[in-house]
Amino acid sequence: MRLHSFHGGLTLPGHKAEAASRPIVVCPLPEVLVVPLQQHVGEPAEPVVQVGDAVVGGQLIGRAVGRLSAHVHAPASGVIEAIGFHPLAHPSALPALCISIRCAVVQRMQTLPALPDWAALAPEILLQRVADAGVVGLGGAAFPTAAKLGVDRRLLILNGAECEPWIACDDRLLQERAAEVIAGGRLLRRVCGAERVILAIEDAMVDALAAARQALSGNDEIELVAVPTVYPQGGERQLIQVLSGREVPTGGLPRDIGVLVHNVATAAACWRAVQFGEPLTRRVVSVTGPGIAQAGNFDVAFGTPIQHLIAQAGGYTDAAARLLHGGPLMGFALPHDELPITKSSNCILLLTANELRNTTTELPCIRCGDCAEVCPAHLLPQQLLAFSRSGQWDRLRQHGLADCIECGCCDLVCPSHIPLVEQYRQAKSTLRIRDDEALFAAAAKQRYSARALRMQRDADDRALRQAGQKDATSATSVQAAIERAKAKQTLDADRLNLRP
């Protein structure tokens, strides 16, 4: 097929070889799992267990609330030790409600009923199973998969373009479990009704490409495409443009042009949920970087403390200087390692001082335009910076702040060391707050108007009733006066007749 290019982007050193060359290792369970009820975009799940309850692995412990939510299942057997707030690996650093499970010595797992004949089942049944299993996007966004699958698409893209440096969890997953990814692609096609399915893998992921070709041998349902290794090629919008030549409209979504993109790990998780009835309780996480003793990929239960996972990789090196959740560009620094692994955790990265940029001396913008050259979303980062710092919120919207994917390309090339992405994140948060306040104010105004209208209507009704009562009273008084007059005339006549 003919590949297209997208604007901007960077060719970066991969640093994947060490982690990608090692087999996936199952991480032993810690003594206590801290399982967040907010592991997805949308509303947090509601706990359906209580402190002291015994649970088995795979048991539902958090029920989804609303459409944009996802079930949470116990990753292991044990006893509910606590239900309370705990800090998460998230840029906000805000605590969220979590369920702590003290793991049992002997582990048992329960599953949903297996559906091995899924190819003959209705898409609605398969979609419900994906929702029941609590599957979310494992590429990092953690969007509830069932909500994303609920609209028919013409093109389905399985995203194996793991473009960010150091991260190798999808690379290794494809090397070892390519058949599961392919089966997941066929399943997702059945659910969304796609006419065409493409498995996109970066051309630098040689072993993953070979494994995928072998798994696709004799299968013409899915097309394997090697895409150039350019960051951020793995971004949803950029990958759509490279493979189809079409752009997602500003303010729109891939579904607006009939396209669905799912991470390869998400596809495999959906297949296991249907084929074996397995709820999503684990994922593959890369633990890598020059600050770790032995980089690798681990199959980790959700709720596992990061410090426990790092210990399985040999612990920190003496040169370790920065702990990140995610990659070096789109990830974020963590304050400590006592935070739990969640469904969105694809990488734990340990960097040394050599990899850190000097951000202590921010200089004025020199309008060099390098940030605009590398921006994959065709934005003008320097203008967005000026508008955000001067509080020109309407102009920020007009210049497409919402289309910024926070890839960090502009940060990397800025000679003035301006923290552009950090500024955009703050601006997006401010805009969301302003939007929420505007919605709240509009709702309050609507309630006030409805109340005023209701009070006016009640006042009019009272006035009409009072007017009716007055009219009735007046008519009664007149009639009574007439009757009295008649009675008086009769009495006078009687008196006349009785006169001698």
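Residues numbered from 1 in each chain as written. Predicted model: local features only at pLDDT ≥ 70, side-chain atom pairs only at ≥ 80, totals over all residues. Heavy atoms only, no water.

### A look at the nonpolar core
Logical step 1: Core analysis: the largest hydrophobic core is formed by 55 residues, its most contacted members being Val135, Leu158, Leu199 and Ile201.
Logical step 2: Listing elements by their share of this core, those giving two or more residues are helix H2 (123–132), helix H3 (145–149), strand S9 (155–160), helix H4 (169–192), strand S10 (196–202), helix H5 (206–215), helix H7 (264–275) and strand S17 (347–352).
Logical step 3: If you tally residues by element for this core, the top one is H4, at 10 residues.
Logical step 4: Not counting the four nearest positions on each side in its chain, Val135 is found in contact with Val130, Pro144, Thr145, Thr266, Ala269, Cys270, Ala273 and Leu280.
Logical step 5: Within the second largest apolar cluster, 22 residues are counted, among which are Ala89, Ala168, Ile292 and Phe332. (Core = buried A, V, L, I, M, F, W, Y, C linked by side-chain atoms within 4.5 Å. Buried < 20%, exposed > 50% of the residue type's maximum accessible area, 1.4 Å probe, protein only. Helix = DSSP H or I, 4+ residues; strand = E, 2+ residues; numbered from the N terminus. Contact = heavy atoms within 4.5 Å.)

### A closer look at the packing of H4 against H5
When two helices pack together, their arrangement is given by the angle between the helix axes and by the axis-to-axis distance.
Logical step 1: For the pair H4 and H5, the least separation of the axes is 8 Å and the interaxial angle reads 15°. The pairing of H4 with H5 is recorded here as roughly parallel in orientation. Crossing angle aside, the handedness with which H4 passes H5 is right-handed. Contacts between H4 and H5 involve Asp171, Leu174, Gln175, Ala178, Ala179 and Ile182 from the first element and Asp207, Ala208, Ala211, Ala212 and Ala215 from the second.
Logical step 2: Classifying every residue of the contact of H4 with H5 by side-chain character gives eight nonpolar, one polar and two charged. (Axes fitted to C-alpha atoms, helices over the stretch in contact; angles between N-to-C directions. Parallel < 35°, antiparallel > 145°, perpendicular 65-115°, else oblique. Left-handed = near helix turned anticlockwise from the far one by under 90°. Nonpolar A, V, L, I, M, F, W, Y, C, P; charged D, E, K, R; others polar.)

### Things to note about the pairing of strand S5 (residues 60–63)
Logical step 1: Inspection of the sheet shows strand S3 (residues 46–47) paired to S5 by two bridges, in the antiparallel sense. Bridge pairing in S5 places Pro47 opposite Gly62.
Logical step 2: Where S5 meets strand S6 (residues 72–73), two bridges bridge the pair, whose relative direction is antiparallel. Pairing of Leu60 across the sheet is with His73, part of S6. (Pairing = 2+ DSSP bridges.)

### A look at the pattern of salt bridges
Logical step 1: Counting across every chain of the model gives 16 salt bridges.
Logical step 2: With its nearest N and O atoms 2.9 Å apart, the salt bridge here joins Arg389 to Glu362. Within this pair, whereas Arg389 is found in helix H10 (residues 381–389), its partner Glu362 is found in the loop between S17 and helix H9 (370–374), the two being separated by 27 residues in sequence.
Logical step 3: The partly exposed category is assigned to Arg389, whose relative accessible area is 45%.
Logical step 4: One connected set of salt bridges, linked through shared partners, spans Glu31, Glu81 and Arg102. (Salt bridge = Lys/Arg side-chain N within 4 Å of Asp/Glu carboxyl O.)

### Considerations on helix H6 (residues 236–244)
Logical step 1: Within H6, burial applies to Gln238, Leu239, Ile240, Gln241, Val242 and Leu243.
Logical step 2: Where H6 is buried, its residues contact S9, S10, strand S11 (222–227) and strand S12 (259–263).

### Here's the deal with the packing of H2 against H4
Logical step 1: In contact at an axis separation of 8 Å, H2 and H4 are set at 120° when each is read in the N-to-C sense. Classified by the angle their axes make, H2 and H4 are oblique. Of the two elements, H2 crosses H4, and the hand of that crossing is left-handed. Only Leu187, Arg190 and Val191 of H4 make contact with H2, whose side of the interface consists of Pro123, Leu126 and Leu127.

### What about H2?
Logical step 1: Burial in H2 covers these residues: Leu126, Arg129 and Val130. End-on view of H2: buried residues confined to an arc of 100°, all on one side of the axis.
Logical step 2: Buried residues along H2 sit against H3, H4 and H7.
Logical step 3: Gly134, located one to two residues past H2, shows a positive phi value of around 70°. (Arc of directions from axis to C-beta.)

### Points about empty space enclosed by the protein
Empty space among the atoms can be located by rolling a probe the size of a water molecule over them.
Logical step 1: Counted according to the given criterion, the structure contains two cavities of 30 Å³ or more.
Logical step 2: Of the voids in this model, the largest cavity is the one considered here, and its volume is about 120 Å³.
Logical step 3: Contributing to the lining of the largest cavity are 16 residues, with Cys365, Cys368, Cys371, Cys414 and Pro415 lying nearest its centre.
Logical step 4: Those elements that place two or more of their residues in the lining of the largest cavity are H9, H10 and helix H12 (409–413).
Logical step 5: Taken together, the residues of the lining of the largest cavity sort by class into 11 nonpolar, three polar and two charged.
Logical step 6: Put simply, the second largest cavity is a space of about 110 Å³.
Logical step 7: Along the walls of the second largest cavity sit 15 residues, with Cys375, Pro376, Cys404, Cys407 and Cys410 positioned nearest its centre.
Logical step 8: Those elements that provide at least two residues to the lining of the second largest cavity are H10, H12 and helix H13 (420–498).
Logical step 9: Class assignment of the residues belonging to the lining of the second largest cavity gives a composition of 13 nonpolar, one polar and one charged. (1 Å grid on protein atoms, 1.4 Å probe; cavity = no way out; pocket = protein on both sides within 12 Å on 5 of 7 lines; lining within 4 Å. Points joined across faces, edges and corners; volume = space filled by probe spheres on them.)

The quantities given are spatial measurements derived from coordinates; they are silent on function.
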